[in-house]
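# A structural walkthrough
What follows is the residue order along each chain.
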Amino acid sequence: MEDSELRAMAADCLRSDYRILETYRWEPGAPLDLPVTVFAGRDDEIDDDALDGWRRHTTGPVRIRRFPGGHFYLRDRPGVVMRAVARAVAVAEPPKSSC
């Protein structure tokens, strides 16, 4: 990058991303009461059993969507994936309130 200000902004973002990766610790909790849609590339090395593992984090339905491509499938067809995300959000019902 030629622009030092832009380079500094990008470096700050990358540092934040790595800080999250280094410090995040998952803590078990009660499953969420909401639908989950799992996205993956058809050629990605992750298997269906691993994707199906998201079921333990919700009492709602889980849908697995595979797209053409590998780990970076989003780069190849961003419009298709974004439409799928929008549909998944649009059909999701909000959790039942306890109020």
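Rules used throughout
Residues numbered from 1 in each chain as written. Predicted model: local features only at pLDDT ≥ 70, side-chain atom pairs only at ≥ 80, totals over all residues. Heavy atoms only, no water. Helix = DSSP H or I, 4+ residues; strand = E, 2+ residues; numbered from the N terminus. Rg over C-alpha atoms; globule rule 2.2 N^0.38 Å. Buried < 20%, exposed > 50% of the residue type's maximum accessible area, 1.4 Å probe, protein only. Phe/Tyr/Trp six-rings, centres within 6.5 Å; stacked < 30°, edge-to-face > 60°. Lys NZ or Arg CZ within 6 Å of the ring centre and 35° of its normal. Salt bridge = Lys/Arg side-chain N within 4 Å of Asp/Glu carboxyl O. Expected span 1.5 Å × (residues − 1). Polar contact = N/O pair within 3.5 Å; in protein donor to acceptor, adjacent residues only side chain to side chain. Contact = heavy atoms within 4.5 Å.

### With respect to the overall build of the protein chain
- Of regular secondary structure, the protein chain possesses four helices and two strands.
- Reading the protein chain from its N terminus to its C terminus gives the helix and strand order α-β-α-β-α-α.
- Against the globule reference of 13 Å for 99 residues, the protein chain gives a C-alpha radius of gyration of 18 Å, more extended than a compact globule.
- Oriented by its inertia axes, the alpha-carbon framework of the protein chain measures out at about 50 × 35 × 25 Å.
- Considering the protein chain as a whole, with its 99 residues, one finds that 14% of them fall into the buried category.

### Here's the deal with the packing of aromatic side chains
- Counted under the stated rule, the structure contains two aromatic pairs.
- On the basis of an interplanar angle of 25° and a centroid distance of 5.7 Å, the ring pair of Phe39 and Phe67 is categorised as stacked. Placement of the pair is Phe39 in strand β1 (residues 36-41) and Phe67 in strand β2 (residues 62-67), with a sequence separation of 28 residues.
- A residue is classified by how much of its surface remains accessible, and Phe39, at 23% relative accessible area, is partly exposed.
- Consider the rings of Phe67 and Tyr73, whose centres lie 5.6 Å apart with planes at 5°: the pair is stacked.
- Under the relative-accessibility criterion, Phe67 is labelled buried at 4%.
- For Tyr73, a relative accessible area of 13% translates into the label buried.
- Just above the ring of Phe72 sits the side chain of Arg75; from NZ or CZ to the centre is 4.6 Å.

### A word on the pattern of salt bridges
- In the structure shown here, the tally under the stated rule is three salt bridges.
- Residues Arg66 and Asp48 are paired through a salt bridge, measuring 2.9 Å at the closest nitrogen-oxygen approach. Remark: Asp48 occurs in helix α2 (residues 48-52) and Arg66 occurs in strand β2; sequence separation between them is 18 residues.
- Taking the relative accessible area as the measure of exposure, Asp48 reaches 48% and is therefore partly exposed.

### As for helix α1 (residues 4-23)
- The terminal C-alpha atoms of α1, which comprises 20 residues, lie 28 Å apart, in line with the 28 Å expected from a rise of 1.5 Å per residue.
- The opening residue of α1 is Asp3, an N-cap whose side-chain oxygen sits 2.9 Å from the backbone nitrogen of Glu5.

### Notes on the environment of Val38
- Assignment of secondary structure puts Val38 in strand β1.
- The sequence separation of Val38 and Pro28 amounts to ten residues, and the corresponding C-alpha distance is 19 Å.
- Sequence-distant contacts of Val38, that is, excluding residues within four places in its chain, are made with Leu51, Trp54, Val62, Arg63, Ile64 and Arg65.

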